[in-house]
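Descriptive structure summary
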Amino acid sequence: MAITDPLALQVLAIAKEAGDKIMEIYDRDFAIYEKQDTSPLTEADLAAHKSIVTGLEAISELPILSEESADISWDERKTWDKYWLVDPLDGTKEFIKKNGEFTVNIALIDGGKPIMGVVYAPALNKSYVGVVGQGAWTETAEGVNPISAKPHQPGELWKVVGSRSHQSPEIQNLLAQLEGETELVAMGSSLKLCLVAEGEAHLYPRLGPTSEWDTGAAHAVALAAGADVTVLDAADPLNSDAEALTYNQKESVLNPYFLVSA
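Residues numbered from 1 in each chain as written. Predicted model: local features only at pLDDT ≥ 70, side-chain atom pairs only at ≥ 80, totals over all residues. Heavy atoms only, no water.

Quick look at the side chain of Asn 248
To be explicit about the condition: Segments assigned H or I by DSSP are reported as helices when at least four residues long, segments assigned E as strands when at least two residues long, and all are numbered from the N terminus. For this analysis, a polar contact is any N or O atom pair within 3.5 Å, provided that within protein one partner can donate a hydrogen and the other can accept it, and provided that sequence-adjacent residues contribute only side-chain to side-chain pairs. Residue contacts are defined here by distance: any two heavy atoms, one from each residue, within 4.5 Å place the two residues in contact.
Assignment of secondary structure puts Asn 248 in the loop between β13 (228–231) and β14 (258–261). Looking at Asn 248, its side chain comes within polar contact range of the side chain of Arg 77, at 2.7 Å. Once residues within four sequence positions are removed from consideration, Asn 248 is found in contact with Trp 74, Arg 77, Trp 80, Tyr 83 and Glu 212.

Let's talk about the nonpolar core
Considering soluble globular proteins, one finds that nonpolar side chains tend to be buried as a cluster. Defined as follows: Buried residues of nine kinds, namely Ala, Val, Leu, Ile, Met, Phe, Trp, Tyr and Cys, make up a nonpolar core once their side-chain atoms join them within 4.5 Å. Exposure classes here rest on a 1.4 Å probe applied to the protein chains alone. A residue is buried below 20% of its type maximum, exposed above 50%, and partly exposed in between.
One finds Leu 85 and Val 260 to be the most contacted residues of the largest nonpolar core, which totals 37 residues. Elements with a contribution of two residues or more to this core: β4 (82–90), β5 (103–110), β6 (113–121), β11 (182–187), α6 (191–197), α7 (212–224) and β14. Apart from the residues lying within four places of it in its own chain, the contact partners of Val 260 are Leu 193, Val 196, His 202, Leu 203, Tyr 204, Ala 222, Ala 227, Asp 228 and Val 229. Counting 31 residues, the second largest nonpolar core, distinct from the first, contains Val 86, Met 116, Tyr 120 and Val 131.

Points about the sheet that holds strand β8 (residues 135–140)
Test applied: DSSP bridges decide pairing: two strands pair if at least two such bridges lie between them. Axis definition: a line fitted to C-alpha atoms, over the contacting stretch in the case of helices. Angles run 0 to 180 degrees between N-to-C directions.
Pairing in this open sheet of seven strands is mixed, and the strands run β3-β4-β5-β6-β7-β8-β9 from one edge to the other. The outermost strands of the open sheet, each flanked by one partner alone, are β3 (64–66) and β9 (143–147). Within the sheet, the average angular offset between the axes of one strand and its neighbour, ignoring direction, is 20°. In terms of strand pairing, β8 meets β9 through five bridges, oriented antiparallel. The partner of Thr 138 across the bridge, within β9, is Asn 145. Packing against the sheet, helix α2 (residues 43–59) makes contact with β3, β4 and β5, and its axis sits at approximately 155° to β4. Strands β3, β4, β5, β6, β7 (126–131), β8 and β9 of the sheet are contacted by α7, whose axis makes an angle of about 100° with β6.

With respect to the pattern of salt bridges
This is how the line gets drawn: A pair is scored as a salt bridge if a Lys or Arg side-chain nitrogen falls within 4 Å of a carboxyl oxygen belonging to Asp or Glu.
For the structure shown, the criterion picks out four salt bridges. Here Lys 16 ties to Glu 139 by a salt bridge, and the two come within 2.4 Å at their closest N and O atoms. Highlighted residues: Lys 16 in helix α1 (residues 6–26) and Glu 139 in strand β8, separated in sequence by 123 residues. With a shortest N-O distance of 3.4 Å, Lys 250 and Glu 212 are connected by a salt bridge. One end of the pair, Lys 250, is in the loop between β13 and β14; the other, Glu 212, is in helix α7, and 38 residues separate them in sequence.

Following this line, the structure appears as structure tokens:
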């Protein structure tokens, strides 16, 4: 089953081109700088950012919010209804560790909701594409395959996604509330949300800091695959009435805690 949405195909091509820029640097020694928040910034972040912005500006007049151009004022951002949300290199720590679990993320946000997203893992040569209302797919060297989230079945082992680089003690509280055996599946970057989207895990609770560009693209993939992404209350993590995670609805670009569930 092919990906037929023309805009999604254009964005996928843009993500792959940025991925090529990243891999040129990944395959050699690279310089690491420091952002003001002390997180590592590599040459690859900047090269991918420039490539993506150039690509998106060639196909669209919509504004772009990228991690590498995040100083746009709230006064300006709050006038945006539809815009591109970009993380040119998510999983910088995974990039520096050279474990391959880093991604290029491009999302289209409309009215605070992600409606289309591309997640490309260049070192793994794997793409995730989601168009809400149309479906979600993976693309690898073997071809394109539709994906869908798979809800937990009674008696089945719970597969819960965790982070390689950020572990939160509150996760144990959530695991204790699940009936049956659990298995923690470690993964880096936005690939954690994608694991739920493709049916490789049932839950991804995030009880740690993330920004909107970290999640937008994979959030779209998850929604398109039939998963939910909701605000998570650490005291009541499995609340079925939790509100949906939204974007560009406040001055801060930090996400609340959230839960991805099949």
